[in-house]
Amino acid sequence: QKEVEQNSGPLSVPEGAIASLNCTYSDRGSQSFFWYRQYSGKSPELIMSIYSNGDKEDGRFTAQLNKASQYVSLLIRDSQPSDSATYLCAVNSNSGYSTLTFGKGTMLLVSP
Amino acid sequence: DAGVIQSPRHEVTEMGQEVTLRCKPISGHDYLFWYRQTMMRGLELLIYFNNNVPIDDSGMPEDRFSAKMPNASFSTLKIQPSEPRDSAVYFCASSPYRGNYGYTFGSGTRLTVV
């Protein structure tokens, strides 16, 4: 059973702070990693992907991957109230007929 | 591109009735996925298609659920008969690949069975 674990939160940060969201996964064969943002009542939206160990930056977002520790994180710098949403971690093992497995998400609340 | 299009956006039905959810994937995307999202279980994969062929339906909860993809631009998820525990948000997603580059989700159908 492939599992993706996230703290459900809510994670509360003040505007302008760095928000750190974490995710662990059970399948060591996992190859592709994604972060989705889901606003309340809306569908998940892909915001970051990462495939190799290290950091990947895109604007205010940085994804970090450590395959040895089976750990993925998302940092949001200069957090804005508009970043308040649930962030879903998704992992693909790229083996057989495997598809994306999603965590249940972490709710982020950014207060003005 | 209009993205993944789902209909209806909301569906309220009585227990025992048949429910049909519809999805139009992004043109050129060979993979189509049906997910169900609840607070308790998060996003669960129900079934996925590749080039209109069902590949893995192991996530379909029981025989009351069925899905079809008669052509590259249309898929349906049917529940017959519906039960209150089927109440959830059902998402359709499509991708040009099985999972390497993420999926694009439709806006979802919020199903309420009373």
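Before any of the text, the structure's been laid out above.
Please read these numbers as outputs of a predicted model, since none were measured by experiment.

Draft legend 1. Main features of the overall build of chain B. What chain B contains, in helices and strands, is zero helices and 11 strands. When the helices and strands of chain B are placed in sequence order, the string is β-β-β-β-β-β-β-β-β-β-β. In terms of overall dimensions, chain B has C-alpha extents of about 35 × 30 × 25 Å along its principal axes. In chain B, the share of contacts with a sequence separation of at least 24, taken over all contacts with a separation of at least 6, comes to 54%. Split by element, the accessible area of chain B, about 5,600 Å² in all, is 49% carbon and sulfur. A gap of 3 Å separates the mean positions of the 11 positive and 12 negative side-chain charges of chain B.

Draft legend 2. The pattern of salt bridges, seen in detail. All names here are of chain B. Following the criterion strictly, the structure yields 11 salt bridges over all chains and no others. With a closest N to O distance of 3.6 Å, E44 and R36 form a salt bridge. With respect to burial, E44 and R36 carry one shared label: buried. For the salt bridge of E83 with R85, the shortest nitrogen-to-oxygen distance reads 2.6 Å. A residue is classified by how much of its surface remains accessible, and R85, at 55% relative accessible area, is exposed. Each of the salt bridges in this network shares a partner with another, and the network as a whole consists of E62, R64, E83, R85 and D86.

Draft legend 3. Fine view of the sheet that holds strand β6 (residues 54–58) of chain A. Residue and element names in this part refer to chain A. If you walk across this open sheet you meet the five strands as β1-β3-β8-β7-β6, and the pairing is antiparallel. Two strands bound the open sheet, and with one partner strand each, they are β1 (4–5) and β6. Relative to strand β3 (residues 19–25), β1 runs antiparallel, the two sharing two bridges. Among the inter-strand pairings, E5 is bridged to a residue of β3, identified as T24.

Quick notes on the rules
- Residues numbered from 1 in each chain as written.
- Chains lettered and ligands numbered in written order.
- Predicted model: local features only at pLDDT ≥ 70, side-chain atom pairs only at ≥ 80, totals over all residues.
- Heavy atoms only, no water.
- Helix = DSSP H or I, 4+ residues; strand = E, 2+ residues; numbered from the N terminus.
- Contact = heavy atoms within 4.5 Å.
- Areas by Shrake-Rupley, 256 points an atom, 1.4 Å probe, with all protein chains shown as cover.
- Lys, Arg positive; Asp, Glu negative; His and termini not counted.
- Charge placed at Lys NZ, Arg CZ, Asp CG, Glu CD.
- Salt bridge = Lys/Arg side-chain N within 4 Å of Asp/Glu carboxyl O.
- Buried < 20%, exposed > 50% of the residue type's maximum accessible area, 1.4 Å probe, protein only.
- Pairing = 2+ DSSP bridges.

Everything listed here is a matter of geometry and, on its own, says nothing about what the molecule does.
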